[in-house]
Amino acid sequence: MNIYDKIFEEFIQEVKQDGTYASIEELKTVTKEMLDILRENPDLSPEEYVEAVMVDNLLLLEKIKDQYPTPGYTVGINVHNINVKMFGGSIDSLGIRMKGNELFDIASMSKFYCEIVAYNLIKDGYFNFDDKIVDLDSRFVNIGDVTIGDVLSFAVEYRTSGRIADEPTIKASLNKLYSMKVIQKGTYNYSDMGLMMLKEVMEKVTGKPYSKLVEKYITKKLHLKETFLVVPEEEIYRVTGTPNARQGMPNDQSAGAVGGYSGNAGI
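Residues numbered from 1 in each chain as written. Predicted model: local features only at pLDDT ≥ 70, side-chain atom pairs only at ≥ 80, totals over all residues. Heavy atoms only, no water.

Asker: Go over the overall build of the protein chain with me, naming the residues and quoting the values.
Answerer: Each helix and strand counted, the protein chain has ten helices and six strands in total. The C-alpha radius of gyration computed for the protein chain amounts to 23 Å, which surpasses the reference 18 Å derived for 267 residues by more than 25%, pointing to a less compact arrangement than a globule. Here the analysis covers contacts within the protein chain between residues at least 6 apart in sequence; of these, 57% occur between residues at least 24 apart. Summed over all atoms, the accessible surface of the protein chain reaches about 15,500 Å², with 53% contributed by carbon and sulfur. Where the 30 positive side-chain charges of the protein chain centre and where its 40 negative ones centre are 8 Å apart. (Helix = DSSP H or I, 4+ residues; strand = E, 2+ residues; numbered from the N terminus. Rg over C-alpha atoms; globule rule 2.2 N^0.38 Å. Contact = heavy atoms within 4.5 Å. Areas by Shrake-Rupley, 256 points an atom, 1.4 Å probe, with all protein chains shown as cover. Lys, Arg positive; Asp, Glu negative; His and termini not counted. Charge placed at Lys NZ, Arg CZ, Asp CG, Glu CD.)

Asker: I'd like a description of the side chain of arginine 238, backed by residues and values.
Answerer: Note that arginine 238 resides in the loop between helix H9 (210-219) and strand E6 (239-240). Since its relative accessible area comes to 6%, arginine 238 is described here as buried. Excluding residues within four positions of it along the chain, arginine 238 makes contact with Ile91, Asn101, Glu102, Leu103, Glu226 and Arg246. (Buried < 20%, exposed > 50% of the residue type's maximum accessible area, 1.4 Å probe, protein only.)

Asker: Describe the layout of surface pockets, listing the residues and the values that go with them.
Answerer: Roughly 270 Å³ of volume is contained in the second largest pocket. Considering the residues around the second largest pocket, the lining is formed by 17 residues, among which Leu103, Phe104, Asp105, Phe228 and Ile267 are closest to the centre. Looking at the lining of the second largest pocket, its residues break down into eleven nonpolar, four polar and two charged. (1 Å grid on protein atoms, 1.4 Å probe; cavity = no way out; pocket = protein on both sides within 12 Å on 5 of 7 lines; lining within 4 Å. Points joined across faces, edges and corners; volume = space filled by probe spheres on them. Nonpolar A, V, L, I, M, F, W, Y, C, P; charged D, E, K, R; others polar.)

Asker: Give a detailed account of helix H2 (residues 24-40), specifying residues and quantitative values.
Answerer: With 17 residues, H2 ought to run about 24 Å at 1.5 Å a step, and its terminal C-alpha atoms sit 24 Å apart, in line with that. The sharpest bend along H2 measures roughly 45° and falls at threonine 31. If you check which residues of H2 are buried, you get Leu27, Thr31, Leu35, Ile37 and Leu38. (Expected span 1.5 Å × (residues − 1). Bend = angle between axes of the 7 residues up to and from the residue.)

Asker: Break down a nonpolar patch on the surface for me, with residues and values.
Answerer: Where nonpolar side chains cluster on the molecular surface, the patch consists of Leu60, Ile64 and Tyr68 and spans about 300 Å² of accessible area. By secondary structure assignment, the location of tyrosine 68 is in the loop between helix H3 (46-67) and strand E1 (73-79). Look at tyrosine 68 and you get exposed, because its relative accessible area is 52%. (Patch = residues over 30% accessible without salt bridge, like charges linked within 9 Å, V, L, I, M, F, W, Y side chains within 5 Å. Salt bridge = Lys/Arg side-chain N within 4 Å of Asp/Glu carboxyl O.)

Asker: Describe in detail the side chain of glutamate 115, supporting the description with residues and values.
Answerer: With respect to the element layout, glutamate 115 can be found in helix H4 (residues 110-123). Of the side chains with opposite charge, lysine 111 lies nearest to the buried glutamate 115, which makes no salt bridge, at 9.5 Å. Ignoring sequence-local partners within four residues, the contact set of glutamate 115 consists of Leu152, Phe154 and Leu195.

Here it is in structure tokens:
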């Protein structure tokens, strides 16, 4: 057994001991590619090894991009402080190549931002976990005894009378959101609806637009100069990852329907 085989045997055993559903043979299969590269290219640096493994993935993405209208993408990896980033694809359907400084629609990861704002508002005394939504914002007439804590823990199943995104105006979309009902409470349910509602509640209790709350508690506080809910007109050319790129709008249809962003998407 050479040094590379020994390293990989130890690595596989360590992964297995840490806990994984994959079998030893399955782990060996997925690591064989790296082992082959190590054997065939003994003089590569660690960074070059990582890049070599990434190349096939990048070529596959390029193939998908050529077959389908795929907006820009990045591929990144961090291994023991080795950082590799590869940029590919087009910024939009016009075929303009990415340069590496694009703005990405991060979709449902925007929910994390919404929850951060909510926890800061709890800290600042605007509401607490046990406060009922309807007591904070009476527009949600059918929400029953759902609390801030229920929303933040995704413990409620909601339903609206049709899709919010199908409404012809922002006002109609918001009215559909305000009229949503609770189907079940007390079990985990990953849903956009709760954080869309929470965004409205937070604006109601603070008297400030959600964009300003995100700015106060996140982007200004952390000096995030290229993180937006409303993309400045002069930066719209950099937006990728959404068919609405040239409008600076998110890919999420519900967030777009209520004005361009919400608690569930838009960052």
